[in-house]
Amino acid sequence: PIEKQVTRINQTKSWGKVTARTLGESPEGGEVKFFYLNNALIKVREINYGETGKAISTFYITNGNLFFVEEHIYKYNRPIYWDSAQMKANGDSEVWDIKKSQIEESRSYIKNGRMIHQANNVDCGSPFSAKYLADELNRLNSRFKKLKSLN
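Figured I'd write up the structure that's included with this text. (Residues numbered from 1 in each chain as written. Predicted model: local features only at pLDDT ≥ 70, side-chain atom pairs only at ≥ 80, totals over all residues. Heavy atoms only, no water.)

### Re the overall build of the protein chain
Assigned secondary structure in the protein chain consists of three helices and seven strands. Scanning the protein chain from its N terminus toward the C terminus, one meets helices and strands in the order α-β-β-β-β-β-α-β-β-α. Across its three principal directions, the C-alpha atoms of the protein chain cover 55 × 40 × 25 Å. The buried share among the 151 residues of the protein chain stands at 37%. Long-range pairs, those at least 24 residues apart, make up 38% of the contacts in the protein chain between residues at least 6 apart in sequence. Of the roughly 9,400 Å² of accessible surface on the protein chain, a fraction of 49% belongs to carbon and sulfur atoms. Each charge class in the protein chain was averaged separately, 23 positive and 17 negative side chains, and the resulting centres sit 9 Å apart. (Helix = DSSP H or I, 4+ residues; strand = E, 2+ residues; numbered from the N terminus. Buried < 20%, exposed > 50% of the residue type's maximum accessible area, 1.4 Å probe, protein only. Contact = heavy atoms within 4.5 Å. Areas by Shrake-Rupley, 256 points an atom, 1.4 Å probe, with all protein chains shown as cover. Lys, Arg positive; Asp, Glu negative; His and termini not counted. Charge placed at Lys NZ, Arg CZ, Asp CG, Glu CD.)

Set out below in structure tokens:
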């Protein structure tokens, strides 16, 4: 049911309102967008850029509460300024190439204020402990609260 609700939200073609704010948490910048339907906040998408990667987090909300969070963390093969001159000067064999990024993806499923499951493409596949899930939920709720305060 959670994934179906996320799919429905992502198929929205016309939002009631979308607002954006600039984030200054890194020298490379970032942005957060707030998506509304019928005056209710439904989705928050955050992008933070860095010289060695970027992080994209999307928070899905129902009745004011998180029910799903998707995160993508890109780890670049080289810093974004690593061009052919940098490569040669440092005796390296590669330039920065977004296609060579390592991408960590996680999906957090939340029901009734409790994280019920988290899937991550770099874990071993075993279920996470209840303490780990609770800590992750606290981290996500804290970030969501901070982002909402910017709106």
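After that view of the structure, there is still more to cover.
### A few points about the environment of Ser-84
Inspection of the secondary structure assignment puts Ser-84 in helix H2 (residues 84–89). Through-space distance from the C-alpha of Ser-84 to that of Glu-94 is 7.8 Å; in sequence the pair is 10 residues apart.

### A few points about the nonpolar core
Core analysis: the biggest nonpolar cluster contains 17 residues, and Leu-41, Val-44, Phe-59, Leu-66 and Phe-144 have the highest contact counts within it. Elements with a contribution of two residues or more to this core: strand S2 (30–37), strand S3 (40–49), strand S4 (53–62), strand S5 (65–75) and helix H3 (130–148). For this core, the element with the highest residue contribution is H3, accounting for five residues. (Core = buried A, V, L, I, M, F, W, Y, C linked by side-chain atoms within 4.5 Å.)

### Considerations on the side chain of Glu-71
Mapping Glu-71 onto the fold places it in strand S5. Of note is the side chain of Glu-71, whose polar atom sits 2.9 Å from the side chain of Arg-139. If we skip the residues at most four places from it in the chain, Glu-71 touches Ile-56, Ser-57, Glu-104, Glu-105, Ser-106, Arg-139 and Leu-140. (Polar contact = N/O pair within 3.5 Å; in protein donor to acceptor, adjacent residues only side chain to side chain.)

### Re the packing of aromatic side chains
This structure, assessed with the given rule, holds seven aromatic pairs. Ring plane angle 80° and centroid distance 5.5 Å describe the contact between Tyr-76 and Trp-96, whose orientation is recorded as edge-to-face. Residue Tyr-76 is found in the loop between S5 and H2, and its partner Trp-96 is found in the loop between H2 and strand S6 (102–111); the two are separated by 20 residues along the sequence. Exposure remark for Tyr-76: the relative accessible area of 13% places this residue in the buried category. Judged by relative accessible area, which is 30%, Trp-96 ranks as partly exposed. An aromatic cluster of three or more residues is present, and its members are Tyr-60, Phe-67, Phe-68 and Tyr-109. In this structure, Lys-17 is placed above the aromatic ring of Tyr-36, and the distance from its NZ or CZ to the ring centre is 4.8 Å. Lying across the ring of Tyr-74, Lys-54 places its NZ or CZ 4.8 Å from the centre. (Phe/Tyr/Trp six-rings, centres within 6.5 Å; stacked < 30°, edge-to-face > 60°. Lys NZ or Arg CZ within 6 Å of the ring centre and 35° of its normal.)

### Brief notes about the side chain of Ser-101
Structurally, the position occupied by Ser-101 is in the loop between H2 and S6. A distance of 2.8 Å separates a polar atom in the side chain of Ser-101 from the backbone oxygen of Ile-98. Apart from residues no more than four positions distant in its own chain, Ser-101 is found in contact with Tyr-74, Lys-75 and Tyr-76.

As far as function goes, none of this settles anything; it's purely spatial.
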